[in-house]
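Coordinate inspection notes
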Amino acid sequence: MDSLIATFLSLLLSETGDRTQLLAAALALRFSNNRAVIAGFGLASLTNCLLSAFAGSFVDEWISQDPVRLFNGLAYFLAGIAMLAWRRNLDLLTRWKTGPFLTAFLGLFILQFGDKGQFIIGANAAMAGDWIFPAIGGWLGTIAAVLPAIILKDKLAKLLPLKRIRIGAGLLFCAFGLLQALRAWHFI
């Protein structure tokens, strides 16, 4: 259960102000059917979260606890660096001729595949020794970050200090990742 909460909070923070949230707002502005956009994002995110957590659960079976902790630390540290780093412009999928559900599903699936959130989910699944709670936590965290963007669209940036949240969370992730790495190497 701890892995559910940790993964939920991690994905909520890592997706706030990120490209996933921006794509959700852009697609909600483009299509008038918010339900189809939400359904597409929800299914794509669930698929990615299940894949990540399931893969991460195998890591726990193959290696001992210290390398798993190091993997966890690296996932968080690199996620923090990614949150602090410059990001290239987001393709808003305006040339896609698919409907709202398929555009949201494929767009988010491709965008999230191999992204920092997947590594956090996989690392938390490896630490927890199971995959279901990190998968659920990651999915709920992503949905909790994306729903306000779909509902509020361009107003979200006016209501929340997205850049500050992103920088603060990035620094927090870097610190936690370093702490986990130092614990894995038995320095603390």
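In case you missed it, the structure is sitting above this.
Residues numbered from 1 in each chain as written. Predicted model: local features only at pLDDT ≥ 70, side-chain atom pairs only at ≥ 80, totals over all residues. Heavy atoms only, no water.

1. Some words on unusual backbone geometry
The backbone of Lys153 shows a phi angle near 55 degrees, a positive value even though the residue is not glycine. As for its position among the elements, Lys153 is in the loop between helix H7 (132-152) and helix H8 (156-159). In the Ramachandran plot, His186 falls in the positive-phi region, its phi being about 60 degrees despite a non-glycine side chain. When you line up the elements, His186 lands in the segment after helix H9 (162-184). (Helix = DSSP H or I, 4+ residues; strand = E, 2+ residues; numbered from the N terminus.)

2. Thoughts on the pattern of salt bridges
Tallied over the full model, the rule gives three salt bridges. Between Asp115 and Lys116 there is a salt bridge whose closest N-O contact spans 3.5 Å. For Lys116, a relative accessible area of 10% puts it in the buried group. Residues participating in the shared-partner salt-bridge network are Asp18, Asp115, Lys116 and Arg166. (Salt bridge = Lys/Arg side-chain N within 4 Å of Asp/Glu carboxyl O. Buried < 20%, exposed > 50% of the residue type's maximum accessible area, 1.4 Å probe, protein only.)

3. Brief notes about the layout of surface pockets
The calculated volume of the largest pocket comes to roughly 310 Å³. Ala6, Ser10, Tyr76, Asn124 and Phe176 are, among the 15 residues lining the largest pocket, the residues nearest its centre. Elements supplying a minimum of two residues to the lining of the largest pocket: helix H1 (2-15), helix H4 (65-84), helix H6 (116-128) and H9. The greatest single-element share of the lining of the largest pocket, amounting to six residues, is contributed by H1. Among the residues making up the lining of the largest pocket, the classes are represented as nine nonpolar, five polar and one charged. (1 Å grid on protein atoms, 1.4 Å probe; cavity = no way out; pocket = protein on both sides within 12 Å on 5 of 7 lines; lining within 4 Å. Points joined across faces, edges and corners; volume = space filled by probe spheres on them. Nonpolar A, V, L, I, M, F, W, Y, C, P; charged D, E, K, R; others polar.)

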